[in-house]
Amino acid sequence: MKVIAPSHLKLMFGSSQPTSRSYPCVQNAQRSDSCGTSRSEWRSTFATLTSKVVTQKTLPMPQVSVGIDHVNGHNRAARVLGMNQKPLSVNDLPPAPMHGGANLRVAYQGAPGAYSEAAACKAYPNYEAVPCDQFEVAFQAVELWIADRAVLPIENSLGGSIHRNYDLLLRHCLHIVGEVQLPVHHCLLALPGVRKEFLTCVMSHPQGLAQCERTLTKLGLNVTRKAVDNTAIAAEHIAANNLRDTAAIASARAADIYGLEILEDGLQDDASNVTRFVMLARDPLVPRTDRPFKTSIVFAHEKGTSVLYKVLSAFAARDISLTKIESRPNHNRPIRLVDDANVGTAKHFEYMFYIDFEASMAEARVQNALSEVRKFTSFLRVLGSYPMDMTPWSPSSSTSHKASSKMNHSYGNVNMAKP
Ligand SMILES: O=C(O)C(=O)C[C@]1(C(=O)O)C=C[C@@H](O)C=C1
């Protein structure tokens, strides 16, 4: 792995710039995000898929050859197209890669030693790291072609959703092209020689603190909790400022990098602690049916939650399993007032609903379900259709984390900017 940014990329730009690429935004009356609707084969493909009932089994594939992800090896499709005048079908294309090609520049939030760095490495083993100080900067790095991908946490099995990234997905125009599930094994780190009894403060990312709350209480430490932007940044801060009364909740790799000692190993409240990350790109992936796919959508409706049942039944009727539902405030219209002369004014909160389901946009049942959903919603956008992470389950352990950290260190010694 090579770090191509001298230090963390910082927030440099005001509002997000739409890229020149296409967006699979399916919008009805209301435009609720910053996505433009620039020309694109993909836009028309997705718009077709979601704006009317699609009965054909195959996608209009000749369109696909232009919008292909060359980095991921899909350029073979163009060759196939040249040699063979038959319309392409989904099955003519090479398998959608789980892991991307060499030397992708991958933006993540945090510093070396962050779990996001480990997730980026799992998703794209030969990547060039672009560490960013904020989640939003990682989005911008991809939009402005400083990076090719961003790998960002979206939810954790103990701490729940990372709401900031749900909101940013809507505000920006990137596409989800993959997911990575990372076992997260936390350690309590402090400067060499520091004893637990003398700690007055524990620093970490809010998710790190949330994932270890019960264990911290059980340890009986009399410490204040301090939230910082990233677990590795907490470790870096303690080392850089020689803080002898403060510990960080971070990875074993962060201990190695910043010269800290592990006071407690396996601090997370449950051994099976997993964070799900999404991989983001400027272009969407060609959806396929030859491996398990997930699709993520976001929608809103003017009549609030009353349509939720109808939307969900569009999936249930087609036997499509939902894996996640999240609701966030609808920032365009946070409150709907309903006046009743007799009893006063009801204030209803308005939401954006995010849904993940286990099926591919290339399946007719999904296209039909989305056509139905569109009837009940004022805004609908497909965030991405991408291969599910099917790596076999291996619970997190410090040993396994250290093993992978050694692997990273061998890259790190050559390329990684150590503090
Ligand atoms: O702080 C880090 O190391 C991160 O990569 C961020 C983050 C998060 O945002 O959830 C990622 C994984 C863990 O769940 C804890 C923190």
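Residues numbered from 1 in each chain as written. Predicted model: local features only at pLDDT ≥ 70, side-chain atom pairs only at ≥ 80, totals over all residues. Heavy atoms only, no water.

**Student:** Help me understand the overall build of the protein chain in this model?
**Tutor:** Of regular secondary structure, the protein chain possesses 12 helices and 19 strands. Within the span of the protein chain, comprising 419 residues, buried residues form 54% of the whole. A fraction of 78% describes how many contacts in the protein chain between residues 6 or more apart in sequence connect residues 24 or more apart. Per element, the accessible surface of the protein chain, about 17,500 Å² overall, is 53% carbon and sulfur. (Helix = DSSP H or I, 4+ residues; strand = E, 2+ residues; numbered from the N terminus. Buried < 20%, exposed > 50% of the residue type's maximum accessible area, 1.4 Å probe, protein only. Contact = heavy atoms within 4.5 Å. Areas by Shrake-Rupley, 256 points an atom, 1.4 Å probe, with all protein chains shown as cover.)

**Student:** I keep staring at the UniProt feature "domain: Prephenate dehydratase" (unreviewed entry) in the protein chain and nothing clicks. Help me out?
**Tutor:** Sequence positions flagged by UniProt for "domain: Prephenate dehydratase" (unreviewed entry) are, in local numbering, residues 105-282. Summarising residues 105-282: 32% helix, 33% strand, and an end-to-end C-alpha distance of 13 Å. (UniProt positions renumbered as here; feature names shortened; annotations may be inferred.)

**Student:** How do you make sense of the nonpolar core when you look at a structure like this?
**Tutor:** Side chains of a nonpolar character, in soluble globular proteins, are inclined to be buried together. Counting 56 residues, the largest nonpolar core has Tyr124 and Val151 as the members making the most contacts within it. Per-element tally for this core: the top contributor is helix α3 (residues 115-123), with 6 residues. Contacts of Val151, omitting those with residues within four sequence positions, involve Val106, Ala107, Tyr108, Ala119, Ala120, Ala123, Tyr124, Phe277, Val278 and Met279. Ranked by size, the runner-up nonpolar core spans 29 residues in total, among them Leu170, Leu280, Ala300 and Met352. (Core = buried A, V, L, I, M, F, W, Y, C linked by side-chain atoms within 4.5 Å.)

**Student:** Any chance you could explain the site of the ligand here in plain terms?
**Tutor:** As a structural note, the neighbourhood of the ligand is formed by 14 residues, with Tyr115, Ser116, Gln211, Thr231 and Thr275 the closest of them. One of the side-chain N or O atoms of Ser116 is found 2.6 Å from an oxygen atom in the ligand. One nitrogen or oxygen atom from the side chain of Asn230 is found 3.1 Å from an oxygen atom belonging to the ligand. When the free accessible area of the ligand is taken as 360 Å², the share hidden by the protein chains comes to 100%. Residue assignment for the shell around the ligand shows that the elements contributing at least two residues are α3, β5 (149-156), α6 (206-211) and β13 (274-281). Each residue belonging to the shell around the ligand can be placed in one class, and the counts come to 6 nonpolar, 8 polar and no charged. (Near = heavy atom within 4 Å. Polar contact = N/O pair within 3.5 Å; in protein donor to acceptor, adjacent residues only side chain to side chain. Nonpolar A, V, L, I, M, F, W, Y, C, P; charged D, E, K, R; others polar.)

**Student:** Looking at this structure, how should I read the state of the cysteines?
**Tutor:** Two cysteines, two sulfur atoms, one covalent bond between them: this is a disulfide. In this structure the tally under the stated criterion is 0 disulfides. The thiol of Cys121 is not disulfide-bonded; the next cysteine sulfur, from Cys132, is found 16 Å away. The class for Cys121 is buried, based on a relative accessible area of 7%. Of the cysteine sulfurs around Cys212, a residue in no disulfide, the closest is that of Cys187, at 9.3 Å. (Disulfide = S-S within 2.5 Å.)

**Student:** When you look at the sheet that holds strand β12 (residues 261-265) in this model, what are you seeing that I'm missing?
**Tutor:** Picture the strands of a sheet paired through backbone hydrogen bonds; they go either parallel or antiparallel. Taken in spatial order, the 5 strands of this open sheet run β10-β9-β11-β8-β12, and their pairing is mixed. Either end of the sheet is taken by a strand with one partner, and the two such strands are β10 (224-227) and β12. Pairwise comparison of adjacent strand axes, ignoring direction, gives a mean angle of 30° for this sheet. Sheet topology places strand β9 (residues 201-204) next to strand β11 (residues 246-250); 3 bridges connect them, and they run parallel. Its bridge partner lying in β11, Met203 is registered against Ala248. Of the strands in this sheet, β8 (187-190), β9 and β11 touch helix α8 (residues 231-240), which is tilted by about 150° from β11. (Pairing = 2+ DSSP bridges. Axes fitted to C-alpha atoms, helices over the stretch in contact; angles between N-to-C directions.)

**Student:** Got a minute to help me understand the pairing of strand β18 (residues 351-357) in this structure?
**Tutor:** Of all 7 residues that make up β18, 6 are buried, and the element is covered over most of its length. Judged from the 5 bridges that link them, strand β14 (residues 293-300) and β18 form a sheet pairing that is antiparallel. Within β18, the position partnered with Phe299 by the bridge is Phe353. Relative to β18, strand β15 (residues 322-329) runs antiparallel, the two being bridged by 7 bridges. Along β18, the bridge assignment pairs Pro329 with Tyr351.

**Student:** Teacher, can you tell me more about unusual backbone geometry here?
**Tutor:** Within the chain, Asn242 stands out as a residue other than glycine whose phi angle is a positive 50°. Its place among the elements puts Asn242 in the loop between α8 and β11. We classify Asn242 as partly exposed; its relative accessible area is 49%. Look at Asp319: it is not a glycine, yet its phi comes out positive at around 60°. By the element assignment, Asp319 lies in the loop between α10 (308-316) and β15. For Asp319, a relative accessible area of 65% corresponds to the exposed category.

**Student:** Honestly, α3 in this entry has me stumped. Any pointers?
**Tutor:** Owing to its 3.6 residues per turn, the α-helix aligns residues three or four sequence positions apart on the same side. With 8 of 9 residues buried, α3 is to be regarded as a mostly interior element. Listed as buried for α3 are Tyr115, Ser116, Glu117, Ala118, Ala119, Ala120, Cys121 and Ala123.

**Student:** How should the packing of aromatic side chains be read in this particular structure?
**Tutor:** Ring pairs (aromatic) are described by centroid distance and by the angle formed between their planes. What the rule picks out here adds up to 4 aromatic pairs. Here Tyr351 and Phe353 contribute two aromatic rings whose centre-to-centre distance is 6.0 Å and whose plane-to-plane angle is 45°, an arrangement assigned as tilted. For Tyr351, a relative accessible area of 28% puts it in the partly exposed group. An aromatic cluster is built from Phe299, Tyr351 and Phe353, whose rings are joined through pairwise contacts. (Phe/Tyr/Trp six-rings, centres within 6.5 Å; stacked < 30°, edge-to-face > 60°.)

**Student:** Explanation requested: the packing of helix α4 (residues 135-143) against helix α5 (residues 163-171) in the structure shown.
**Tutor:** Any two packed helices are characterised by the angle at which their axes cross and by the distance between the axes. Packing of α4 against α5 brings their axes to within 10 Å, and their N-to-C directions diverge by 30°. Relative to α5, the element α4 is oriented roughly parallel. You can see that α4 and α5 cross each other, and the crossing is right-handed. Taking contact as the criterion, the partners of Phe135, Glu136 and Phe139 in α4 are, on α5, Arg164, Asn165, Leu168, Leu169 and Arg171. (Parallel < 35°, antiparallel > 145°, perpendicular 65-115°, else oblique. Left-handed = near helix turned anticlockwise from the far one by under 90°.)

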